[in-house]
Amino acid sequence: MLKIENITKTYNNGDVKTVALDGVSFEIEHGEFVSIMGPSGSGKSTLMHILGALDVPTSGKYVLNGKNVEAMSDDELADIRNKEIGFVFQAYNLLARTSALKNVALPMVYAGLSKKERVERAKEVLEAVGLKDKINNMPNQLSGGQKQRVAIARSLSMKPSIILADEPTGNLPTSQTHEIMDIFSKLNNEGHTIIIITHEEAVASRTKRVITLVDGKIQKDEEKK
Ligand SMILES: Nc1ncnc2c1ncn2[C@@H]1O[C@H](COP(=O)(O)OP(=O)(O)OP(=O)(O)O)[C@@H](O)[C@H]1O
Ligand SMILES: [Mg+2]
């Protein structure tokens, strides 16, 4: 469903040139549960931005669900981001003074779904992440793990083909890290394709395949039995 081939990304700042990705290739099938690991500066966020259609590579090929992403216009990239990818960020990115339900429903407002449909689907995905009894809570009335579960529910609202999470447990204590990984495992068991960027071994060990980046290159790509 997703294939990158010989991706490179070079940043030019004045006369300083940084090669952030240097010939990265892999394929991810529907239903996989993958973590991308690597030390600071290894190119993880750069890769996540390319996979998430937030940025384009300097060279190489990216095919998502049969579509060539690397050659797309900004409008086409925006469309891919809205329809194909559910984003989860380290800082949750929830709207304050806005209930869990409304936070989750928001992407569906932009997509033009009816109010009835939005509320129904928001309740459904909030229930899927175990927050049925918190739908009217504001973000400041939720724990960090619960906030991240709202963000995961929001990422599911548009029925994306991939969930892409950048350091989703980076702000959480260990117990809540496991709570979030439990949710991702459950969603994966239900058929969702999940890619998690992390530098935490405890997070990577809960996924089924670990891709390790070092200096912009793949050092290891290991599938677990
Ligand atoms: N906008 C940019 N302009 C110039 N250089 C950049 C830019 N973004 C990233 N880089 C450089 O590209 C390399 C890879 O950065 P990237 O942010 O992808 O690493 P990372 O693996 O996500 O690191 P971390 O774990 O610290 O988040 C680094 O050397 C970084 O300094
Ligand atoms: Mg990063």
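Residues numbered from 1 in each chain as written. Chains lettered and ligands numbered in written order. Predicted model: local features only at pLDDT ≥ 70, side-chain atom pairs only at ≥ 80, totals over all residues. Heavy atoms only, no water.

The name an unreviewed UniProt entry gives the protein chain is ABC transporter ATP-binding protein, with candidate division WWE3 bacterium as the organism. Per its UniProt entry, the protein chain bears the Sequence similarities (unreviewed entry) comment "Belongs to the ABC transporter superfamily." (UniProt positions renumbered as here; feature names shortened; annotations may be inferred.)

**Q** Can you lay out the environment of Asp 22 for me, pointing to particular residues and giving the numbers?
**A** With respect to the helices and strands, Asp 22 occurs in strand S2 (residues 16-28). Taking relative accessible area as the criterion, Asp 22 reaches 32% and is therefore assigned partly exposed. Sequence separation between Asp 22 and Asp 75 is 53 residues, and the spatial gap between their C-alpha atoms is 27 Å. Those residues in contact with Asp 22 that lie beyond four places of it in its chain are Ile 7, Thr 8, Gly 216 and Lys 217. (Helix = DSSP H or I, 4+ residues; strand = E, 2+ residues; numbered from the N terminus. Buried < 20%, exposed > 50% of the residue type's maximum accessible area, 1.4 Å probe, protein only. Contact = heavy atoms within 4.5 Å.)

**Q** Report on the sheet that holds strand S3 (residues 33-37), specifying residues and quantitative values.
**A** Strand order in the open sheet made by the 6 strands is S6-S7-S8-S3-S9-S10, with mixed pairing throughout. Pairing within the sheet leaves two strands with one partner each, and these edge strands are strand S6 (85-89) and strand S10 (217-223). Recorded for the sheet is a direction-independent mean angle of 15 degrees between the axes of neighbouring strands. Where strand S9 (residues 209-214) and S10 come together, 6 bridges link them in antiparallel fashion. Residue Val 214 lies in a different strand from S10, and its bridge partner there is Lys 217. Contacts from helix H6 (residues 174-189) reach S3, strand S7 (162-166) and strand S8 (193-197) within the one sheet, and its direction differs from that of S8 by about 150 degrees. (Pairing = 2+ DSSP bridges. Axes fitted to C-alpha atoms, helices over the stretch in contact; angles between N-to-C directions.)

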